[in-house]
Amino acid sequence: FFLPRTTSPSHTTNIPPHHHQHFIPNPTRNMFNFLLCLFGIYVPFIIYNLIREDLTKTTYRWKWSFFLVLIQCVFNIFTAVFKYTAFRSNKLPREAQAVLDNKNKKGLLQEQQLSIMDHVKKYLIWALIGFATVMSMVLSTSALRYVNYPTQILARSCKPIPVMLFSVILAKESYPLYRYMVVGGICIGVSLFFIGQAALKSGKYQANGSTGGLDENLMGYLLLLGSLAMDGVCNGLQQRLKVLDKPSEEKFMLMVNLTGSIFLMAYLGVYYEQEVLPALEYMRALPRVTFLVFGCAVSACLGTIFIFKTVAQYGTLVLSILTTTRKFFTLLFSVFWNGHQMSTTMWSGVFVVFGALFYDVYRKYFNSLSDFFAFVHSKLSHRKKVE
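First, a word on scope: everything that follows refers to the structure included in this document.

Reading the values: rules and limits
- Along each chain, residue indices are assigned from 1 in the same order as the chain's sequence is written.
- A pLDDT threshold of at least 70 governs which residues receive local features in this predicted model, and a stricter bar of 80 or more applies before side-chain atom pairs are shown or counted, although totals over entire chains, interfaces and linings include all residues.
- Hydrogens and water molecules were not included; the side-chain quantities draw on all heavy atoms of the structure.
- Helix and strand definitions follow DSSP, with helices as H or I runs of at least four residues and strands as E runs of at least two, each counted in order from the N terminus.
- Per-residue accessibility, obtained with a 1.4 Å probe over protein chains only, is compared with the maximum for each type, and a residue is labelled buried under 20%, exposed over 50%, and partly exposed between these values.
- We define a salt bridge as a contact between a side-chain nitrogen of Lys or Arg and a carboxyl oxygen of Asp or Glu at a distance within 4 Å.
- Lines fitted to C-alpha atoms define the axes, with helix axes restricted to the stretch in contact, and inter-axis angles between N-to-C directions lie between 0 and 180 degrees.
- Orientation labels follow simple angle bins: below 35 degrees gives roughly parallel, above 145 gives roughly antiparallel, 65 to 115 gives roughly perpendicular, and whatever is left gives oblique.
- In what follows, a contact means two residues having at least one pair of non-hydrogen atoms within 4.5 Å.
- Under the convention adopted here, Pro, Cys and the residues Ala, Val, Leu, Ile, Met, Phe, Trp and Tyr are nonpolar, Asp, Glu, Lys and Arg are charged, and Gly plus all remaining residues are polar.

### Focus: the side chain of threonine 324
- Tracing the backbone shows threonine 324 in helix H11 (residues 287-338).
- Looking at threonine 324, the relative accessible area reads 9%, which means it is buried.

### Focus: the pattern of salt bridges
- Under the criterion given, the structure shown has three salt bridges.
- Arginine 156 is paired through a salt bridge with aspartate 231; the nearest N and O atoms lie 2.6 Å apart. With arginine 156 in helix H5 (residues 149-156) and aspartate 231 in helix H8 (residues 212-244), this residue pair connects regions lying 75 residues apart in the sequence.
- On the basis of relative accessible area, arginine 156 is assigned to the partly exposed category, the value being 22%.
- In this structure, arginine 284 engages glutamate 281 in a salt bridge whose closest nitrogen and oxygen atoms are separated by 3.0 Å. Highlighted residues: arginine 284 and glutamate 281, both in helix H10 (residues 272-285), separated by three residues, approximately one helical turn.
- With relative accessibility at 61%, the residue arginine 284 sits in the exposed group.
- The class of glutamate 281 is partly exposed, set by a relative accessible area of 44%.

### A word on the packing of helix H9 (residues 249-270) against H10
- Contact pair H9 / H10: the axes reach a minimum separation of 6 Å and the direction vectors enclose 100°. The pairing of H9 with H10 is recorded here as roughly perpendicular in orientation. Contacts from Tyr267, Leu268, Gly269 and Val270 in H9 reach Tyr272, Gln274, Glu275 and Val276 in H10.
- Here the contact of H9 with H10 is built from residues that sort into five nonpolar, two polar and one charged.

Listed below in structure tokens is the structure:
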């Protein structure tokens, strides 16, 4: 797993001998580079989610989600520009550069063949994707005012359900049987978690003689449901967009955050006195809140940069494993850091959900266990040859 894709033997063919030293992998350097990507994804996103929970739920009760998301979108725009300039400036192996050039030519040819109505349709889809993305972020952030982070991350793990549903409706996609098995496993795990949480909450409120917290939880669940619906709409629109445009990662990030920022600025312009002024006053009164707001945006951007780096050097398989495990460890960190109560039933639900997610990653990239072990064996054999 530690060897970047650009160091495989196929990338070093037909390269002059005096250039080979640039492509011969160094095991120590590769291990360091992998650990850098690992911690570059884990640490910023763990900090990001802890800040969000502290900002909205546990300490400061921040309630201006549109303003917070706008700051994140602006930082994401700069991140997309940085990614384009920094990663494109690196020299690629000859074969990789040829593939990239061919992809750019196909994209340019496709762009020239579009009619005026196709262009209008394309930019309308871009606008809708930007709207759905920022609304998902706003609703997810707002939900933290009513539910804790473990509840949010388990609910957000249901994302494959609306994604599959809206992809079938909007893009006429079809899915293999194992994807439905994954969705079924996620539903079972989330149900176990919420059953355990309801039992824990009801016992606590019965002891206190109150039921107000149950109403707050319901509001949080509705906001998370809306966030998941926006994710599903966004993914379905992305499938429709592929027919008209094949954007690069940095273009997609730039366009989504740019169109989303336009919507957020229009909304904040209308509700300036209700959203912007109170948020600025709150930040002025509590300088630590200002630090947390910008720290939230910066940490998310740093994590995004390392996601790009991981995809570029190790591919989507390694990224899928890292992001799934990152969610799990972030949940654990939140439980122990903020002292969230978790019953045995809730933990069972957590393990069922993440087991289903790992199974999804496994089936997405491997047809059988023999394929997986062959992949691991090839990586280890290649590493031994290098050493």
